[in-house]
Amino acid sequence: MKKIKIGDLRQRITIESAVVSSDGYGGRPKSWVPIATVWAKVEPLRGREYFEAHQIKTEVTHRVIIRYRPDVTPQMRVKVGDNRYLLIESVIDIEERHRFLELICREEGQ
């Protein structure tokens, strides 16, 4: 991976965590709570269409680079803009130096 510069982090994103609560009727709805708004570099890695159960499905995978945060986990998601959500698949501490995190994500709702 090429060297990351702070100036590469040009997009504002919001990291969200899932909260499961009881609705009083036995259901357990999930809602998302903002954890932090940070600067990031968001780039698509690949797009793939495939045929599943007679429907075309699209999978878009992204790499999101942010400054190191110890509280980011794969159970979270990234909000990009007003209506795009990326589910975090893995969190990588680049070079294990606690400077930058690489989040490998897939777009939600595709």
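For the structure, see preceding data.
As the structure is a computational prediction, the values presented were derived from the model and not from experiment. (Residues numbered from 1 in each chain as written. Predicted model: local features only at pLDDT ≥ 70, side-chain atom pairs only at ≥ 80, totals over all residues. Heavy atoms only, no water.)

**Q** Can you walk me through the overall build of the chain in this structure?
**A** For the chain, the count of helices and strands is zero helices and six strands. In the chain, the succession of α and β elements from N to C terminus is β-β-β-β-β-β. Buried positions account for 32% of the 110 residues belonging to the chain. Long-range contacts, defined here as pairs at least 24 residues apart, represent 48% of the contacts in the chain between residues at least 6 apart. (Helix = DSSP H or I, 4+ residues; strand = E, 2+ residues; numbered from the N terminus. Buried < 20%, exposed > 50% of the residue type's maximum accessible area, 1.4 Å probe, protein only. Contact = heavy atoms within 4.5 Å.)

**Q** Which parts of the structure should I look at to understand unusual backbone geometry?
**A** For residues that are not glycine, phi is negative in most cases, and the peptide bond is trans in most cases. Of note, E95 is a non-glycine position whose phi angle comes to about 60°, a positive value. Secondary-structure assignment places E95 in the loop between β5 (84-93) and β6 (100-107). One non-glycine residue, H98, adopts positive backbone phi at about 60°. Within the secondary structure, H98 sits in the loop between β5 and β6.

**Q** Before we go on, may I ask you to explain the pairing of β5 in this structure?
**A** Remember that side chains alternate between the two faces of the sheet whenever the strand is regular. As judged from the four bridges shared by strand β4 (residues 76-80) and β5, these two strands associate in the antiparallel manner. Paired with K79 across the two strands is Y85, which belongs to β5. If you look at the hairpin formed by β4 and β5, you'll find three residues sitting between the two strands, and G81 has a positive phi there, around 70°. Alignment of β5 against β6, held across seven bridges, turns out to be antiparallel. By the bridge assignment for β6, L86 is matched with E107. The hairpin formed by β5 and β6 contains six residues between the paired strands, and E95 there has a positive phi angle of roughly 60°. (Pairing = 2+ DSSP bridges.)

**Q** What am I meant to see in the pairing of β4 here?
**A** Within β4, four of the five residues are buried, leaving the element largely enclosed by the surrounding structure. Pairing geometry for strand β1 (residues 11-20) and β4, over five bridges, is antiparallel. In the strand pairing of β4, I15 is matched with V78.

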